[in-house]
Amino acid sequence: MMKKNFTDLALLLLRVGFGGIMLTHGIPKINALSDAANFPDPLGIGGMPSLILCLIGEVVAPILLIIGFKTKWAAIPAAMTMVVAAFIVHAKDDLATKEKALLYLIAFIVLFLAGAGKYAIDNMKK
């Protein structure tokens, strides 16, 4: 019996699945650029810097994860955004409320540790 290893396919599914669904949270926030001063400021750095960091973590990084470009680096801002969401924005909320952010956080940590897999720009042969 031949043993098949689906690790690379699993990493592709993880990148595209979590990155793609994260975009549904980040893309609508692009509209907030016109009123960034009123964007939530959980770190106390101002609305515009908070929005920019959020857009990096929820739009730029997920796009890089989906295509598998600089995957380990892209996983860092995505994960950090979820740390802020779970442990600062939703710090006082119950587990059910912060669960989504925690699941994204786990997925982004896995991508940081495991990398993109072979179905990624990172691993295209030159």
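Note on numbering: residues in each chain are counted from 1, in written sequence order. It should be noted that, the model being predicted, local features are given only for residues of pLDDT at least 70 and side-chain atom pairs only at 80 or more, the latter also being counted only at that level, while totals for whole chains, interfaces and linings use all residues. Side-chain numbers come from the whole structure's heavy atoms, not from hydrogens or water.

Trainee: Quick one: what's the story with the overall build of the protein, residue by residue and with numbers?
Mentor: Looking only at helices and strands, the protein has 4 helices and 0 strands in total. The helix and strand labels rest on DSSP assignments: H or I over at least four residues marks a helix, E over at least two residues marks a strand, and numbering proceeds from the N terminus. Counted from the first residue to the last, the protein has its helices and strands arranged as α-α-α-α. A principal-axis box enclosing the C-alpha atoms of the protein has dimensions of 60 × 35 × 20 Å. When the 126 residues of the protein are sorted by exposure, 34% land in the buried category. A separation threshold of at least 6 residues defines the contact pool for the protein, and within that pool the share at least 24 residues apart is 64%. Each accessible area value is a Shrake-Rupley result obtained with a 1.4 Å probe; residue values ignore everything except the protein chains displayed when judging cover. When the accessible surface of the protein is split by element, carbon and sulfur atoms take 70% of a total near 7,900 Å². Classification of residues uses two cut-offs on accessible area relative to the type maximum, computed with a 1.4 Å probe and protein chains only: under 20% is buried, over 50% is exposed, and between them is partly exposed. By the convention used here, residues are in contact when the closest approach between their heavy atoms is within 4.5 Å.

Trainee: Outline the nonpolar core, listing residues and values.
Mentor: Among the nonpolar cores identified, the biggest contains 19 residues, and L65, M82, F108 and L111 are the most heavily contacted of them. Those elements giving two or more residues to this core turn out to be α1 (7-26), α2 (47-67), α3 (71-89) and α4 (95-114). Contact partners of F108, with chain neighbours within four places excluded, come to F18, M22, L65, A75, A78, A79 and M82. For this analysis, a nonpolar core means a set of buried residues of the types Ala, Val, Leu, Ile, Met, Phe, Trp, Tyr and Cys, connected via side-chain atoms within 4.5 Å.

Trainee: So what's going on with α3? Which residues, and what values?
Mentor: A helix's residues, less one, multiplied by 1.5 Å, set its expected span. Compared with the 27 Å implied by 1.5 Å per residue over 19 residues, the 26 Å span of α3 between its first and last C-alpha is a close match. The secondary structure elements touched by the buried residues of α3 are α1, α2 and α4.

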